[in-house]
Amino acid sequence: MTEKRWKIMLVDDDADFIWLTARMLEDAGYQVIEARNGEEGLSSFHKETPDLVLMDYCLPGEDGLKTSLRMMECCPGIPIVIISGFAEIRTAVKALKAGVYDYVTKPLNPDDVLFTIRRALEKRALEKEVQHLRQELNSRAPLYVRMGPSHAVKTLVQHVEKVAPTVFTVLIEGESGTGKELVAGAIHDSSQVKDGPFVAVDCGAIPETLIESELFGYRKGAFTGAHADKMGHFETAHGGTLFLDEVGNLSYPVQQKLLRAIQERKIQRLGDGEPTPVSTRIVAATNQSLEKDVESGRFRSDLYFRLNEFTIKLPPLRERGDDIPYLAAKFENEVEKELDKKCGGLSEQALKALLSYSWPGNVRELRNTIRQGVLLCEENGAIKPEHLTFNARHSSGPSLKAEKTPADIFDGGEPLNNILNRIRNKVEKNAIEGILTLVKGNKSETARRLSIDYKTLLRKIKKYDIAPVLRTA
């Protein structure tokens, strides 16, 4: 594999300066993209995506600082080095405060310039590596760590473990916000094609006129505006997994072409006379009943049965009461780190409020609710009901139906206090188990988050016979 050649964009209106500087950079092993003003630089920036920009401050039209800010808005983190004259040092310092990486002065000292560029690119590469590792770690975390300890999640994990190593096409059904893409990613990570790409496509977000070209690609000249060949998502996902989210939104003609691609393992770009072989695993998802769409004629029955080789149904959060305390603590921990703020956990009343809400927006809504709660609560203070915002139309009555039906809770002739104590004990046990799992068995941290003392926590662990959680590094 050849070593990557970094691309540097050089923006200056002095033709002689550009020629000399470009030769210096090329001799040092860099690719150089040249531009004579901010407008030309921005246009090339979008097309070429350079790794670093070396830009003169004094440019015709928009100056280098304003152009830099527009580039950083499009591509946060891009290192930009401003070139300035000695008389413009104050302006260069202003550019540093605005977010550019560094500045160099004319006449350029080649050693200084190359050192600044090398240091900036090394920093950029390190930032990208850290970001990649964080995403990799997060994406490959076990489902039960990311979704909760409930029986429903454990069953879900078992299904994923069974189907992931196979070549089955999987259909994931569930309401918006239940984690369909999360499950699709987990299937990919445990599959035979885990080293290949995972490509997610929201079929409901792409206009109907573009969906076919996005999925299957096109050849240059296939239609007005097709100035070059373009691979579709099927080819991009070759050797990996293609996740088709909201597949029920596909039009009937595209459904037919999708069915053919899955059956024949070949796709045909728009404007291409020859099919292209693809080896892509398909995982599809829907938030509506495809069976009803088949009955109404909106969705092809043959495509439905092709996608439905194995179905995973994701329960809504209102049917996963055991996961709510765990997820709430997990999201609280994330926001505390983001805001550099410490909270005292959920108050008992706030936890009751979370458990009595029906969560129409599912886990996504819970996360937003906890984020707001952490923001509004006092430093080191508990999150209280007044810090939480709910949709009033969905907050009447407990949401424990999936865990206990009324018949399960009331056995007939039992005193009300006994019923309430039984429910309270179940919620309390779930909260302790969830937070213990989140903090990897750290009992002191669990006691702090639950706003109880350490001895009380130990007593409750013994009372509910809670299994120990292994602490990991």
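Structure: see above.
The numbering scheme is per chain: residues are counted from 1 as the chain's sequence reads. Restriction of local features to residues with pLDDT of at least 70 applies here, the model being predicted, together with a cutoff of 80 or more for giving and counting side-chain atom pairs; totals for whole chains, interfaces and linings are based on all residues. Excluding hydrogens and water, the side-chain figures rest on all heavy atoms present in the structure.

Observations concerning the sheet that holds strand β6 (residues 170-173)
Rule in force here: Two strands pair under a simple rule: DSSP has to find at least two bridges between them. A run of H or I in DSSP becomes a helix once it reaches four residues, and a run of E becomes a strand once it reaches two; helices and strands are each numbered from the N terminus. Angles run from 0 to 180 degrees between N-to-C directions of axes, and those axes are lines fitted to C-alpha atoms, restricted for helices to the stretch in contact. Throughout, a residue-residue contact means that at least one pair of heavy atoms, one from each residue, lies within 4.5 Å.
The strand order across the open sheet formed by 5 strands is β7-β8-β11-β6-β12, and the pairing between neighbours is parallel. Because the sheet does not close on itself, it has two edges, and the strands there are β7 (198-202) and β12 (310-313). Each strand of the sheet is rotated relative to its neighbour by a mean of 20°, with strand direction disregarded. Strand direction decides the pairing type here: β7 and strand β8 (residues 241-245), joined by 5 bridges, are parallel. Along β8, the bridge assignment pairs Asp 202 with Asp 245. Along the sheet, helix α8 (residues 180-189) contacts β6, β7, β8, β11 (281-286) and β12; its crossing angle with β6, the most-contacted strand, is approximately 155°.

Points about the packing of aromatic side chains
Test applied: To pair, rings of Phe, Tyr and Trp, with the six-membered ring standing in for Trp, must have centres within 6.5 Å; the planes then decide the type, stacked if under 30 degrees apart, edge-to-face if over 60, and tilted in the middle. Here's how the labels work: a residue is buried when its accessible area is under 20% of the maximum for its type, exposed when over 50%, partly exposed in between, all with a 1.4 Å probe on protein chains only. In this analysis the charged atom, NZ for Lys or CZ for Arg, is taken to sit over a ring once it is within 6 Å of the ring centre and within 35 degrees of the ring normal.
Counted by the stated rule, this structure contains 7 aromatic pairs. Between Phe 198 and Phe 243 the ring centres are 6.2 Å apart and the planes differ by 15°, which places this aromatic pair in the stacked class. Of this pair, Phe 198 sits in strand β7 while Phe 243 sits in strand β8; the two residues are 45 residues apart in sequence, bridging distant segments of the chain. Overall, Phe 243 belongs to the buried group, its relative accessible area being 0%. Arranged with centres 5.7 Å apart and planes meeting at 70°, the rings of Trp 359 and Phe 390 form a pair that is edge-to-face. In this pair, Trp 359 is assigned in the loop between α15 (348-355) and α16 (362-376) and Phe 390 in the loop between α16 and α17 (406-409), connecting sequence segments 31 residues apart. Assessed through its relative accessible area of 0%, Trp 359 is described here as buried. Taking the relative accessible area as the measure of exposure, Phe 390 reaches 23% and is therefore partly exposed. Here the aromatic cluster, defined as three or more aromatic residues joined through ring pairs, consists of Tyr 357, Trp 359 and Phe 390. One cation-aromatic arrangement involves Lys 106 over Phe 17; the distance from NZ or CZ to the ring centre is 4.5 Å.

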